[in-house]
Amino acid sequence: MLGRGNIYLNVEGVGDQETHTPRLQLTQTPQACSRSHSPSQSLSRQLSPQHDLEGFLPNNFTSPFVLKACARLLDLQLGVKIHTLVVKAGFDYDVFFKTSLVCLYAKCGFLEDAHKVFDDIPDKNVVSWIAIISAHIGVGKSREAIDMFRGLLERNLVPDSFTVVRVLSACTQLGDINCGEWIHKWIMEMGMVRNVFVATSLVDMYAKCGNMEKARGVFDGMPEKDIVTWSAMIQVYALNGLPSEAMDLFLQMQRENAKPEDCCIVVGVLSACTRLGALELGE
């Protein structure tokens, strides 16, 4: 049985071993397997009866996709075997392979091993950083994720908007408005505040950290708002005991022809009507 914290170390030092088993011929590209709705079936079809895994000679192109499929399956045993074979083949230096390993170990719950792989990458790219940040967020280590995000920015790397949204969510979970504010400053410098998803996450972060004024400031400054943005702002007004503001914003949303599709926003508005005693509006 594999013990936590020991997996990565167990596959080190196998590069001098040789394998004489035949090369596995893949009839479907590894990237197609990794994207398949059923990666296990896709991979198993590639392993014909006359071959076993030891016949698979990986390279720096195929291995990341096979590991991605293993991560989707949460198949750590197969992933470790692939890792061992890649070390044997001498491709373990590849940044894309190591980043795929980070994702595999993290998704399977072995964060310590994921960190060992990450620390061993000599030239980390933005994808490597995003992988380890996501790994920490995935297990609820919000503070560590924010620290890693800071490290990414210090190296002048630019994460994607999805990662920024997840890190802002980590700030919200911690109730750390100071971290949220310096990330907001960076977002402004990068011009990313125009991204509706990032801006909506800022609104949510400020509101849930108790600063409704800044939440509304971000909201009002958004050149484009979707229904999620309107919903977020209305709901936080209702939840923070500001029914009048919730109602005003709901009426403004209607004037701008944005239609509420989420039942939660309707519940929030009805709750605001109840607090205001506005029966006619509720009807």
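Above this note sits the structure.
Residues numbered from 1 in each chain as written. Predicted model: local features only at pLDDT ≥ 70, side-chain atom pairs only at ≥ 80, totals over all residues. Heavy atoms only, no water.

**Q** I'd love a proper account of helix H15 (residues 243–255), names of residues and values included.
**A** Over its 13 residues, H15 extends 18 Å from the first C-alpha to the last, a length consistent with the 18 Å expected when each residue adds 1.5 Å. By the burial criterion, the buried members of H15 are Pro243, Ala246, Met247, Leu249, Phe250 and Met253. Looking down the long axis of H15, one finds its buried residues gathered within 165 degrees of arc, a one-sided arrangement. Among the residues trailing H15, asparagine 257 stands out with phi positive, at a value near 60 degrees. (Helix = DSSP H or I, 4+ residues; strand = E, 2+ residues; numbered from the N terminus. Expected span 1.5 Å × (residues − 1). Buried < 20%, exposed > 50% of the residue type's maximum accessible area, 1.4 Å probe, protein only. Arc of directions from axis to C-beta.)

**Q** Give me the lowdown on the packing of aromatic side chains, citing residues and values where you can.
**A** Throughout the structure, instances matching the rule amount to four aromatic pairs. Look at phenylalanine 149 and tryptophan 182: their rings are 6.2 Å apart centre to centre, the planes differ by 35 degrees, and that puts the pair in the tilted class. With phenylalanine 149 in helix H9 (residues 142–154) and tryptophan 182 in helix H11 (residues 177–190), this residue pair connects regions lying 33 residues apart in the sequence. Assessed through its relative accessible area of 0%, phenylalanine 149 is described here as buried. Here the aromatic rings of phenylalanine 149 and tryptophan 186 are separated by 6.1 Å at their centres, their planes lie at 85 degrees, and the arrangement is edge-to-face. In this pair, phenylalanine 149 is assigned in helix H9 and tryptophan 186 in helix H11, connecting sequence segments 37 residues apart. Lying across the ring of phenylalanine 118, lysine 124 places its NZ or CZ 5.1 Å from the centre. (Phe/Tyr/Trp six-rings, centres within 6.5 Å; stacked < 30°, edge-to-face > 60°. Lys NZ or Arg CZ within 6 Å of the ring centre and 35° of its normal.)

**Q** Could you give me a rundown of the nonpolar core, with the residues and numbers involved?
**A** Among the nonpolar cores identified, the biggest contains 68 residues, and Leu104, Tyr105, Ile132, Ile133, Val164, Ile187 and Met233 are the most heavily contacted of them. Ranked by the residues each element gives to this core, the list is headed by helix H12 (residues 196–208), at eight residues. Discounting residues that sit within four places of it in the chain, isoleucine 133 has contacts with Ala145, Met148, Phe149, Leu152, Thr163 and Val167. (Core = buried A, V, L, I, M, F, W, Y, C linked by side-chain atoms within 4.5 Å. Contact = heavy atoms within 4.5 Å.)

**Q** Outline the packing of helix H6 (residues 95–107) against helix H7 (residues 111–119), supporting the account with residue identities and numerical values.
**A** Geometrically, a packed helix pair is captured by the angle between its two axes and the distance between the axes. Between H6 and H7, the shortest axis-to-axis distance is 7 Å and the interhelical angle comes to 170 degrees. The pairing of H6 with H7 is recorded here as roughly antiparallel in orientation. Along the contact surface, H6 presents Lys98, Leu101, Val102, Tyr105 and Ala106, while H7 presents Leu111, Asp113, Ala114, Val117 and Phe118. Residues of the contact of H6 with H7, tallied by class, amount to eight nonpolar, no polar and two charged. (Axes fitted to C-alpha atoms, helices over the stretch in contact; angles between N-to-C directions. Parallel < 35°, antiparallel > 145°, perpendicular 65-115°, else oblique. Nonpolar A, V, L, I, M, F, W, Y, C, P; charged D, E, K, R; others polar.)

**Q** Give me the lowdown on the pattern of salt bridges, citing residues and values where you can.
**A** Counted under the stated rule, the structure contains six salt bridges. A salt bridge links aspartate 120 to lysine 98; the shortest N-O distance between them is 3.3 Å. You can see aspartate 120 sitting in the loop between H7 and helix H8 (126–138) and its partner lysine 98 sitting in helix H6, a full 22 residues away along the chain. Since its relative accessible area comes to 39%, aspartate 120 is described here as partly exposed. A salt bridge links aspartate 176 to arginine 143, with the shortest nitrogen-to-oxygen separation between them at 2.8 Å. In this pair, aspartate 176 sits in the loop between helix H10 (161–174) and H11 while arginine 143 sits in helix H9, placing the two residues 33 residues apart along the sequence. On the basis of relative accessibility, which here comes to 14%, the residue aspartate 176 falls in the buried class. Arginine 143 sits in the partly exposed class, given a relative accessible area of 34%. (Salt bridge = Lys/Arg side-chain N within 4 Å of Asp/Glu carboxyl O.)

Fair warning: the whole summary comes from geometry, so function is off the table for now.
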